[in-house]
Each structure stands twice: as C-alpha cells, then as structure tokens.
Amino acid sequence: MRRAVCPGSFDPVTLGHLDIVERASKIYDSVTVAVLVNKTKSSLYTVAERMALLTQVTAEYGNVRVDSFHGLLVDYCKDHEIPVIVKGLRAISDFDYELQMAQMNHGLAGVETLFMTTNPLYSFLSSSLVKEVARYGGDVSTLVPELVHTSLTERMARP
Ligand code: PNS
C-alpha cells in the first residue's frame, strides 16, 4: 500500500491545504493528515479542534485519515511506515526552508518529500493571514472550507 503524510499546523485548515490533501489522495492509497502538537506556538484552535475540522472536511475523500504528532516528523513516519511526505509549495519564498527540511528528513531517516505546486488561486494563502483577515472582519469565505468559515466567524465574535 502506498502511504503518504501531509503534515502541518492547520490552525485552521485552508482551501490551499485541502487542495494538496485532495490531490495527494488521488496519488496515494492512504493519506494521513498529521497535525503538529507544538506547545511553544500559540494557536487559535486546539489540536483536537483542528483535527475535528480536518476530519469533517476530508471525509469525502475516503482514503484520508487525520492524526496528531509531536516530536520529529520522521519518527512519526517510521512508526507508521509512511515513506513519503507531501508538501505544497506556494512560491519561491517557501522553497528555501522546505528544501532544508526535505533534505534533513531524507538524511535523518530516508523519508522522501514530494512537493506539489499550489493551485495559483491559493498561492498567497496561509492560516496566519486567514486569521488576521478574519480577526479584523475581512471576508475569508473563499479561502477556507465553509465549515471553517462558520467556525471562524463564531470564534472571532467571542468577546
Ligand atoms: O504548517 P506548518 O507549521 O508550516 O508545518 C510545519 C511542519 C509541522 C511540517 C514542520 O514544522 C515539522 O515537520 N515539524 C515537526 C518537527 C520536525 O520534524 N522538525 C524537523 C524538520 S526537518
């Protein structure tokens, strides 16, 4: 069985993430979306909330599961016998750091990284920008799944 992982913070999942996960699900038999548990980074959504949103928006693909991990991604890959990491590349600015991580992950454990070029519709899109725009009342309805949009609207309205 060909397995791959799409790792990230997903705080929250955007249509850019979803595009990559969907395309990966057509190439691999099984795709795991792995949410990084990062206690040093402040987040809008808890890991459980991020996983719940991801589970709902990826349910239609059939071969996608959602999990969380902490520590090194390559250790997660080894434990789950996943040989490939799939990442989206939005712009050349992503490339430098992504190349370093891909080379490190290959050097550490022989885990391969497959880069997919992001749909140009989403090349400017990041979870951080979505949160900032939503926080100040901007319209992010075309940038995130409907479920996430509803959740963001409710969360931003909280005092
Ligand atoms: O969505 P993000 O925050 O850009 O995702 C980054 C992520 C989770 C893919 C990356 O930070 C990661 O793999 N972290 C796990 C820790 C690790 O393996 N670090 C060494 C990378 S070479």
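Residues numbered from 1 in each chain as written. Predicted model: local features only at pLDDT ≥ 70, side-chain atom pairs only at ≥ 80, totals over all residues. Heavy atoms only, no water.

A look at the sheet that holds strand β4 (residues 84–89)
Argument step 1. With respect to topology, five strands assemble into an open sheet ordered β3-β2-β1-β4-β5, the strand pairing being parallel. Strands at the two margins of the open sheet, each flanked by one partner only, are β3 (64–69) and β5 (112–117). Averaged over all adjacent pairs, the angle separating strand axes in this sheet is 30°, with direction ignored.
Argument step 2. Strand direction decides the pairing type here: β4 and β5, joined by six bridges, are parallel. Bridge pairing in β5 places leucine 89 opposite threonine 117. (Pairing = 2+ DSSP bridges. Helix = DSSP H or I, 4+ residues; strand = E, 2+ residues; numbered from the N terminus. Axes fitted to C-alpha atoms, helices over the stretch in contact; angles between N-to-C directions.)

Things to note about the environment of proline 7
Argument step 1. Tracing the backbone through its elements, the reader meets proline 7 in strand β1 (residues 3–8).
Argument step 2. Considering only alpha carbons, one finds proline 7 and threonine 150, 143 residues apart in sequence, at a separation of 24 Å.
Argument step 3. Beyond its immediate sequence surroundings of up to four residues, proline 7 is in contact with Ala34, Phe69, Leu73, Ile85, Val86 and Lys87. (Contact = heavy atoms within 4.5 Å.)

Some details on the site of the ligand
Argument step 1. Around the ligand, the surrounding shell holds 13 residues, and the nearest of these are Gly8, Ser9, Gly71, Leu72 and Leu73.
Argument step 2. Interatomic distance of 2.6 Å between a side-chain N/O atom of serine 9 and an oxygen atom of the ligand.
Argument step 3. Residue leucine 73 places a main-chain N or O atom 2.9 Å away from an oxygen atom belonging to the ligand.
Argument step 4. When the ligand is considered free in solution it has 550 Å² of accessible area, and contact with the protein chains removes 71% of it.
Argument step 5. Among the secondary structure elements, those contributing two or more residues to the shell around the ligand are β1 and α4 (92–109).
Argument step 6. When residues of the shell around the ligand are assigned to their parent elements, the largest contribution, three residues, is made by α4.
Argument step 7. Partitioned by chemical class, the residues of the shell around the ligand number seven nonpolar, four polar and two charged. (Near = heavy atom within 4 Å. Polar contact = N/O pair within 3.5 Å; in protein donor to acceptor, adjacent residues only side chain to side chain. Areas by Shrake-Rupley, 256 points an atom, 1.4 Å probe, with all protein chains shown as cover. Nonpolar A, V, L, I, M, F, W, Y, C, P; charged D, E, K, R; others polar.)

Observations concerning the nonpolar core
Argument step 1. One finds Val33, Leu54, Val86, Val130, Val140 and Leu152 to be the most contacted residues of the largest nonpolar core, which totals 33 residues.
Argument step 2. Those elements giving two or more residues to this core turn out to be β1, α1 (15–27), β2 (30–36), α2 (47–58), β3, β4, α5 (127–135) and α6 (146–157).
Argument step 3. Tallying contributions element by element places α2 first for this core, with five residues. (Core = buried A, V, L, I, M, F, W, Y, C linked by side-chain atoms within 4.5 Å. Buried < 20%, exposed > 50% of the residue type's maximum accessible area, 1.4 Å probe, protein only.)

Some remarks on α4
Argument step 1. Between its first and last C-alpha atoms α4 spans 26 Å; for 18 residues at 1.5 Å apiece the expected length is 26 Å, and the two agree.
Argument step 2. The largest bend in α4 amounts to roughly 30° and is located at glutamate 98.
Argument step 3. Turning to α4, its buried residues number three or more, namely Asp94, Glu98, Ala102 and Asn105.
Argument step 4. Packed against the buried residues of α4 are α3 (73–79), β4 and β5.
Argument step 5. Directly beyond the C-terminal end of α4, a positive phi value near 75° is found at glycine 110. (Expected span 1.5 Å × (residues − 1). Bend = angle between axes of the 7 residues up to and from the residue.)

Brief notes about the pairing of β3
Argument step 1. Of the pairings in the sheet, the one linking β2 to β3 comprises six bridges and is parallel in character. Within β3, the position partnered with valine 35 by the bridge is serine 68.
Argument step 2. Assessed by its sense of winding, the connection that carries the chain from β2 through α2 to β3 is right-handed. (Right-handed = clockwise from strand over helix to strand, strands pointing away.)

Quick look at the side chain of threonine 14
Argument step 1. Structurally, threonine 14 can be placed in the loop between β1 and α1.
Argument step 2. Every residue in contact with threonine 14, bar those within four places of it in the chain, is listed here: Leu125, Ser126, Ser127, Val130, Leu143, Val144 and Pro145.

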